[in-house]
Amino acid sequence: MERYQIKPGQKVSLKDWSPDPPRDFEGGKESARADVAELNRKLEVLQERLFAERRHKVLVILQGMDTSGKDGVIRSVFDGVNPQGVKVASFKVPTPEELDRDYLWRVHKVVPGRGEMVIFNRSHYEDVLVVRVHQLVPPEVWKKRYDQINEFERLLWETGTTILKFFLFISKEEQKQRLLERLADPAKHWKFNPGDLKERALWDEYEKAYEDVLSRTSTGYAPWYIVPADKKWYRDWVISRVLVETLENLNIQVPPPLEDAETYRRQLLEEDERVSP
Ligand code: ADP
């Protein structure tokens, strides 16, 4: 999966990247789907161990253009994972209360605690994406944010957080198809937001803003992955693999077995003997 990871300092130009699976990808859709189901089960076990160990914290950041599949990833990659140990934080247009504070305030409040995994559906990166594209603050303000974000993420990392950042890369044509699909099916109309068309018109500006994010904020401690996302099955496969491999490498240690389990077991069994005549 290293091919999708941006090295620190690597300059990203999205025209050099593909939103499609590699041509030589073996097995295709069916085998990728089967792998994802198996990776789901592994993730379930790993997440339970993470929760039991209560040491590591895991933060997964999902970014991408509208319709790139952030919600879809949360549904398929985390399918079956115990909701007690996994939280999703979605970042919308900031509230007046949030706007009165620094942009990282609302983010820092919801980072994972020990043993937790938190998925960010959008994130603090909106503050150098939508905010830049729509000129919601002057350039001298957003330009400082790349360093601020790197330092913020370093703080999280130095205090035990594993950070994975996924940019779901779709083509403009695929977005058009997905929007058309939503419009074609009345049951999916609720997913369509007329505002998406306005954002779509700013595609090139967003791509430029993403290129700067990917070039300036992929660090050794919080790397970005560019995930080809035109095919949902490939997108899920890449993310599942990165996630499971990263968690496996954490070498999570669950608490040791109880030394006096046998004593407790006897106590419970004797309790049965006492109540039955
Ligand atoms: P989603 O598209 O994620 O399913 P919404 O349709 O509610 O959910 O979109 C959330 C909106 O909030 C997006 O348009 C996003 O750009 C916007 N947003 C998120 N963070 C910020 C921010 N810091 N400043 C301005 N807008 C933001």
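Position numbers for residues start from 1 in each chain and track the written sequence from start to end. Totals for whole chains, interfaces and linings use all residues, but because this is a predicted model, local features are given only for residues with pLDDT of at least 70 and pairs of side-chain atoms are given and counted only at 80 or more. Hydrogens and water molecules were not included; the side-chain quantities draw on all heavy atoms of the structure.

**Thoughts on the overall build of the protein chain**
- Put simply, DSSP marks the helices as runs of H or I at least four residues long and the strands as runs of E at least two long, and each gets a number from the N terminus on. Each helix and strand in the protein chain was counted, giving 12 helices and 5 strands.
- Taking all 277 residues of the protein chain together, 47% fall into the buried category.
- Residue contacts follow a heavy-atom distance rule, with two residues in contact if any of their heavy atoms lie within 4.5 Å. Taking all contacts inside the protein chain whose residues are at least 6 apart in sequence as the whole, residues at least 24 apart take part in 82%. When accessible area is computed with a 1.4 Å probe and restricted to protein chains, residues below 20% of their type maximum are described as buried, those above 50% as exposed, and intermediate ones as partly exposed.

**Side note on the nonpolar core**
- Side-chain atoms within 4.5 Å are what join buried Ala, Val, Leu, Ile, Met, Phe, Trp, Tyr and Cys residues into a set we call a nonpolar core. Core analysis: the biggest nonpolar cluster contains 73 residues, and Phe166 and Ile226 have the highest contact counts within it.
- Per-element accounting of this core gives the leading share, 9 residues, to helix α11 (residues 232-249).
- Discounting chain neighbours no more than four positions away, the residues touching Ile226 are Tyr4, Ile6, Val12, Leu14, Trp17, Phe167, Phe169 and Leu214.

**As for the sheet that holds strand β2 (residues 86-90)**
- For two strands to be treated as a pair, DSSP must find at least two bridges joining them. Taking strand neighbours across the sheet as the criterion, the 5 strands line up as β2-β3-β1-β4-β5 in an open arrangement whose pairing is parallel. Each edge of the sheet is formed by a strand with only one pairing partner; in this case those strands are β2 and β5 (224-228). Adjacent strand axes in the sheet meet at a mean angle of 20°, parallel and antiparallel pairs treated alike.
- What counts as an axis is a line fitted to C-alpha atoms, over the stretch in contact for a helix, and the angles between N-to-C directions run from 0 to 180 degrees. Those strands touched by helix α2 (residues 70-77) are β1 (57-64), β2, β3 (117-121) and β4 (161-169), and its axis lies near 140° from that of β1.

**Topic: the pattern of salt bridges**
- Within this document, salt bridges are pairs made up of a side-chain nitrogen of Lys or Arg and a carboxyl oxygen of Asp or Glu, the two lying within 4 Å of each other. The final tally for this structure, using the stated rule, is 15 salt bridges.
- Of the charged contacts, one joins Arg145 and Asp127 as a salt bridge, the two residues approaching to 3.9 Å between their closest N and O atoms. Taken together, the positions of Arg145 in helix α7 (residues 145-158) and Asp127 in the loop between β3 and α5 (130-133) put the pair 18 residues apart, joining distant regions of the chain.

**Describing a negative patch on the surface**
- A patch consists of residues exposed above 30% relative accessible area that lack any salt bridge, with like charges linked at up to 9 Å and nonpolar side chains (Val, Leu, Ile, Met, Phe, Trp, Tyr) linked at up to 5 Å. Surface accessibility in these figures is a Shrake-Rupley result with a 1.4 Å probe; residues are shielded only by whichever protein chains are displayed. Counted as positive: Lys and Arg. Counted as negative: Asp and Glu, with His and the chain ends omitted from the count. Here the site of a charge means atom NZ of a Lys, CZ of an Arg, CG of an Asp or CD of a Glu. A contiguous patch of negative charge on the surface is contributed by Glu270, Glu271, Asp272 and Glu273.
- For Asp272, a relative accessible area of 45% gives the class partly exposed.

**Focus on the site of the ligand**
- The cutoff for a nearby residue is simple: one of its non-hydrogen atoms must lie within 4 Å of the molecule or strand. Close to the ligand lie Phe91, Lys92, Val93, Pro94, Arg106, Arg122, Glu126, Asp127, Val130, Val131 and Leu136, which account for all nearby residues.
- Definition of a polar contact: a pair of N or O atoms within 3.5 Å, with one able to donate and the other able to accept a hydrogen when the atoms are protein atoms, and with sequence-neighbouring residues admitted only if both atoms are side-chain atoms. Interatomic distance of 2.7 Å between a side-chain N/O atom of Arg122 and an oxygen atom of the ligand.
- Notes on the ligand: free accessible area 570 Å², of which the protein chains cover 74%.
- Broken down by class, the residue content of the shell around the ligand amounts to 6 nonpolar, no polar and 5 charged. Each residue receives one of three labels: charged for Asp, Glu, Lys and Arg, nonpolar for Ala, Val, Leu, Ile, Met, Phe, Trp, Tyr, Cys and Pro, and polar for the others, Gly being one of them.

**Quick notes on the pairing of β4**
- Across the 9 residues of β4, 9 count as buried, placing the element largely inside the fold.
- Burial along β4 is two-sided: Thr161, Ile163, Lys165, Phe167 and Phe169 facing one way and Thr162, Leu164, Phe166 and Leu168 facing the other are all buried.
- Bridge count for β1 against β4 is 8 bridges, and the pairing is parallel. Looking at the pairing, Ile61 lines up with Lys165 of β4.
- Pairing of β4 with β5 involves 5 bridges; the strand directions are parallel. Residue pairing across strands places Lys165 opposite Trp224, the latter belonging to β5.

**Description of the side chain of Arg132**
- Mapped onto the elements, Arg132 comes out in helix α5.
- Residue Arg132 is classed as buried on the basis of its relative accessible area, which comes to 14%.
- Not counting chain neighbours up to four residues away, the residues in contact with Arg132 comprise Trp142, Tyr146, Lys208, Ala209 and Asp212.

**A short note on the packing of aromatic side chains**
- Two aromatic rings from Phe, Tyr or Trp, using only the six-membered ring of Trp, form a pair when their centres are within 6.5 Å; if the ring planes differ by under 30 degrees the pair is stacked, by over 60 it is edge-to-face, and anything between is tilted. One pass over the full model with this rule turns up 13 aromatic pairs.
- An aromatic cluster is built from Tyr4, Phe25, Trp233, Tyr234 and Trp237, whose rings are joined through pairwise contacts.
- Whether a charge lies above a ring is judged from NZ of Lys or CZ of Arg, which has to be within 6 Å of the ring centre and within 35 degrees of the ring normal. The positively charged end of Arg101 is found above the aromatic ring belonging to Trp105, 4.6 Å away from the centroid.
- The residue whose ring lies beneath Arg145 is Tyr103, and the NZ or CZ to ring-centre distance is 4.2 Å.

**Quick look at the environment of Tyr210**
- Within the secondary structure, Tyr210 sits in helix α10 (residues 203-216).
- In this structure Tyr210 comes out as buried when scored by relative accessible area, which is 3%.
- Measuring from C-alpha to C-alpha, the distance between Tyr210 and Leu14 comes to 8.6 Å, with 196 residues separating the pair along the chain.
- Tyr210 has contacts with Leu14, Gln63, Gly64, Met65, Leu129 and Phe167, leaving out every residue within four places of it along the chain.
- Side-chain polar atoms of Tyr210 contact the side chain of Gln63, separated by 3.2 Å.

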